[in-house]
Every structure is written in C-alpha cells, then in structure tokens.
Amino acid sequence: DGGITQSPKYLFRKEGQNVTLSCEQNLNHDAMYWYRQDPGQGLRLIYYSQIVNDFQKGDIAEGYSVSREKKESFPLTVTSAQKNPTAFYLCASTGYTGNTIYFGEGSWLTVV
Amino acid sequence: AQSVTQLGSHVSVSEGALVLLRCNHSSSVPPYLFWYVQYPNQGLQLLLKYTTGATLVKGINGFEAEFKKSETSFHLTKPSAHMSDAAEYFCAVSGSNFGNEKLTFGTGTRLTIIP
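Residues numbered from 1 in each chain as written. Chains lettered and ligands numbered in written order. Predicted model: local features only at pLDDT ≥ 70, side-chain atom pairs only at ≥ 80, totals over all residues. Heavy atoms only, no water.

Undergrad: So, the pairing of strand β1 (residues 4–7) of chain A: which residues are in play, and what are the values?
TA: Residues and elements named next belong to chain A. A one-sided burial pattern is seen for β1, the buried positions being Ile-4 and Gln-6 and the unburied ones Thr-5 and Ser-7. In this sheet, strand β3 (residues 19–25) lies alongside β1 in antiparallel orientation, the contact comprising four bridges. Counted as the bridge partner of Ile-4 is Gln-25 from β3. (Buried < 20%, exposed > 50% of the residue type's maximum accessible area, 1.4 Å probe, protein only. Helix = DSSP H or I, 4+ residues; strand = E, 2+ residues; numbered from the N terminus. Pairing = 2+ DSSP bridges.)

Undergrad: Lay out the environment of Tyr89(A) with the relevant residues and their values.
TA: Residue and element names in this part refer to chain A. Mapped onto the fold, Tyr-89 is located in strand β9 (residues 87–94). A relative accessible area of 0% means that Tyr-89 is categorised as buried. Counting along the chain gives 85 residues from Tyr-89 to Ile-4, while the straight-line C-alpha distance between them is 13 Å. Non-local contacts of Tyr-89, meaning those with residues more than four positions away in its chain, are made with Gln-6, Leu-21, Trp-34, Tyr-35, Arg-36, Ile-46, Tyr-64, Leu-76, Val-78, Gly-106, Ser-107 and Leu-109. A distance of 2.9 Å separates a polar atom in the side chain of Tyr-89 from a polar atom in the side chain of Tyr-64. (Contact = heavy atoms within 4.5 Å. Polar contact = N/O pair within 3.5 Å; in protein donor to acceptor, adjacent residues only side chain to side chain.)

Undergrad: Got a sec to walk through the interface of chain A and chain B? Specific residues and values, please.
TA: Taken residue by residue, the interface counts 27 residues in chain A and 23 residues in chain B. In total, chain A and chain B occlude about 1,900 Å² of area from one another, counting both sides; carbon and sulfur atoms represent 50% of this. Taken together, the connections running from chain A to chain B amount to five residue pairs in polar contact (both at pLDDT 80 or more). Breaking the side of chain A that touches chain B down by element, the ones donating at least two residues are β4 (31–37), β5 (43–51) and β9 of chain A. Here the residues of the side of chain A that touches chain B are counted per class, giving 13 nonpolar, eleven polar and three charged. (Buried area = accessible area lost by both parts, 1.4 Å probe. Nonpolar A, V, L, I, M, F, W, Y, C, P; charged D, E, K, R; others polar.)

Undergrad: Please give an account of the sheet that holds β1(A) that cites residues and values.
TA: Residue and element names in this part refer to chain A. Judged by pairing direction, the sheet is antiparallel, and its four strands sit side by side in the order β1-β3-β8-β7 without closing on themselves. The outermost strands of the open sheet, each flanked by one partner alone, are β1 and β7 (64–66). Shown here is a sheet whose adjacent strand axes are inclined to one another by a mean of 20°, direction ignored. (Axes fitted to C-alpha atoms, helices over the stretch in contact; angles between N-to-C directions.)

Undergrad: Residues and numbers for the nonpolar core, please.
TA: Residues and elements named next belong to chain B. Counting 25 residues, the largest nonpolar core has Trp-35, Leu-48, Leu-76 and Tyr-89 as its most contacted members. Elements that contribute at least two residues to this core include exactly β2 (10–14), β3 (19–26), β4 (32–38), β5 (44–50), β7 (64–68), β8 (73–78), β9 (87–94) and β11 (109–114). In terms of residue count, β9 provides more of this core than any other element does, four residues in total. When near neighbours in sequence (up to four residues on either side) are disregarded, Tyr-89 contacts Gln-6, Leu-21, Trp-35, Tyr-36, Val-37, Leu-47, Phe-63, Leu-76, Gly-108, Thr-109 and Leu-111. (Core = buried A, V, L, I, M, F, W, Y, C linked by side-chain atoms within 4.5 Å.)

Undergrad: So what about the pattern of salt bridges? Which residues, and what values?
TA: Opposite charge on two side chains lets them pair, provided their charged atoms get close. Summed over the entire model, instances satisfying the criterion amount to six salt bridges over all chains. The partner of Lys71(A) in a salt bridge is Asp30(A), and the shortest N-O contact between them spans 3.7 Å. Of this pair, Lys71(A) sits in the loop between β7 and β8 (76–78) while Asp30(A) sits in the loop between β3 and β4; the two residues are 41 residues apart in sequence, bridging distant segments of the chain. For Lys71(A), a relative accessible area of 23% corresponds to the partly exposed category. The salt bridge involving Asp85(B) is made with Lys78(B); its shortest N-O contact spans 2.9 Å. Overall, Asp85(B) belongs to the buried group, its relative accessible area being 2%. A network of salt bridges, in which partner residues are shared, links Arg36(A), Asp38(A) and Arg44(A). (Salt bridge = Lys/Arg side-chain N within 4 Å of Asp/Glu carboxyl O.)

Interpretation note: all reported values are geometric properties and have no functional meaning in isolation.
Structure below.
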C-alpha cells in the first residue's frame with residue numbers, strides 16, 4: 001500500500017547528541033514536509049522540499065537540518081543546537097495533481 | 001501572510017448532539033481550506049477540503065463544512081456526535097491549489113464526547 005513511513009516511532013536522545021528521523025514515501029510525491037507538534041501549539045513547519053536536491057526553511061528551522069537526495073526520502077536531523085527538541089514530529093508529502101497533504105504516523109523524540 | 005484561528009482549544013458535546021468546531025482564516029488570496037483529524041499518537045487524516053466550487057463540502061465520517069467568504073469562516077459540523085469522533089481537529093489554509101504549497105495550521109481543537 002502507498003503511504004508515508006516514519007521511523008523510529010519513539011526515540012530517546014541524550015543532550016548534546018544529534019539524531020536523525022527517517023521519512024520515506026512511495027506515493028511518487030514531489031513535495032515533502034517536516035512539522036513539529038507541541039501540545040496546544042498545533043503544527044509548525046520546520047523544513048520543506050518541493051523537488052529533489054532542493055529544500056527551504058520553514059518557520060522553526062533553527063537547530064534542524066534536512067537532505068533530499070532521493071524523491072522518496074526526506075530525513076530530518078535534530079542537532080544539539082536545538083534547545084528544546086522534545087516533541088512529536090510529523091512528516092508529510094503531496095503531489096502536483098492535488099493539494100491534499102498526506103501525513104506519516106509521527107515520531108516521538110524525547111531528550112533524556 | 002495567511003493565518004488560521006480555531007476558537008476553543010477544547011470542546012465537549014454529548015453523544016448524539018451537534019458538533020460545531022470553529023475556524024476563521026485570513027488569506028490574501030482565494031483560500032484553499034482543510035480540516036484534518038488526529039487520533040492519539042497518530043498522524044493527521046484529511047476530513048475534507050474546500051478548493052473551488054460548492055461552498056458546502058462534505059467529508060468522511062459524516063462531517064461537513066461551509067466556506068463563508070463574507071465571514072472568512074470554515075466551521076466544521078456533524079449533526080450527531082459519536083464516541084469515535086473524540087480526537088483533535090485541525091483547520092488549515094493554503095494559498096494554492098497546487099500540491100506543493102505549504103499549509104498553515106490552526107492550533108487545534110480537542111473534541112471530547114460525553115456518553
């Protein structure tokens with residue numbers, strides 16, 4: 001079945017470490033997104049990519065990095081520079097034929 | 001810049017009662033509007049969307065929403081609440097009908113159903 005796969009579902013990070021969240025889609029979508037979700041704050045856009053080898057900062061990009069080497073993959077690295085990384089992270093994608101954005105199941109990151 | 005305001009971070013209704021979740025937007029271009037639902041520890045699922053045409057939009061699970069241009073509103077309704085409707089609901093706006101336009105989300109409304 002087509003969809004978006006995020007892994008891992010739960011991740012614990014020690015302070016000072018970088019961690020990478022995986023996002024893979026088999027929907028043949030061009031655009032991919034990373035959102036961060038905190039209680040009571042809705043979803044905030046971290047980075048997005050409209051095409052392979054290109055990406056743009058969203059509203060809260062500081063402390064994060066991404067790459068888009070393949071159409072199917074858009075990994076997010078949470079660096080040690082991100083001061084408050086504990087959150088629920090959602091990956092999403094969409095194609096040009098319609099503007100429905102599809103979401104993965106999310107990844108919980110906790111700093112310990 | 002576009003923005004979305006959801007009135008009420010928590011809404012409680014009795015099972016069988018009307019569900020009304022409020023959303024207002026500000027967009028400098030004709031908006032494309034969406035409602036998403038999120039169940040605990042899961043991603044978001046599209047309930048319905050308005051792009052062009054009929055202003056009353058029907059979605060999944062018996063939900064519908066009406067785009068009212070003069071009021072800049074896109075409220076979500078369901079005539080009779082079911083226990084399975086308990087979830088968090090997000091309104092979102094996009095300035096384009098093309099797939100790569102990023103969405104701006106509201107802060108969400110948590111819906112509780114009272115047995």
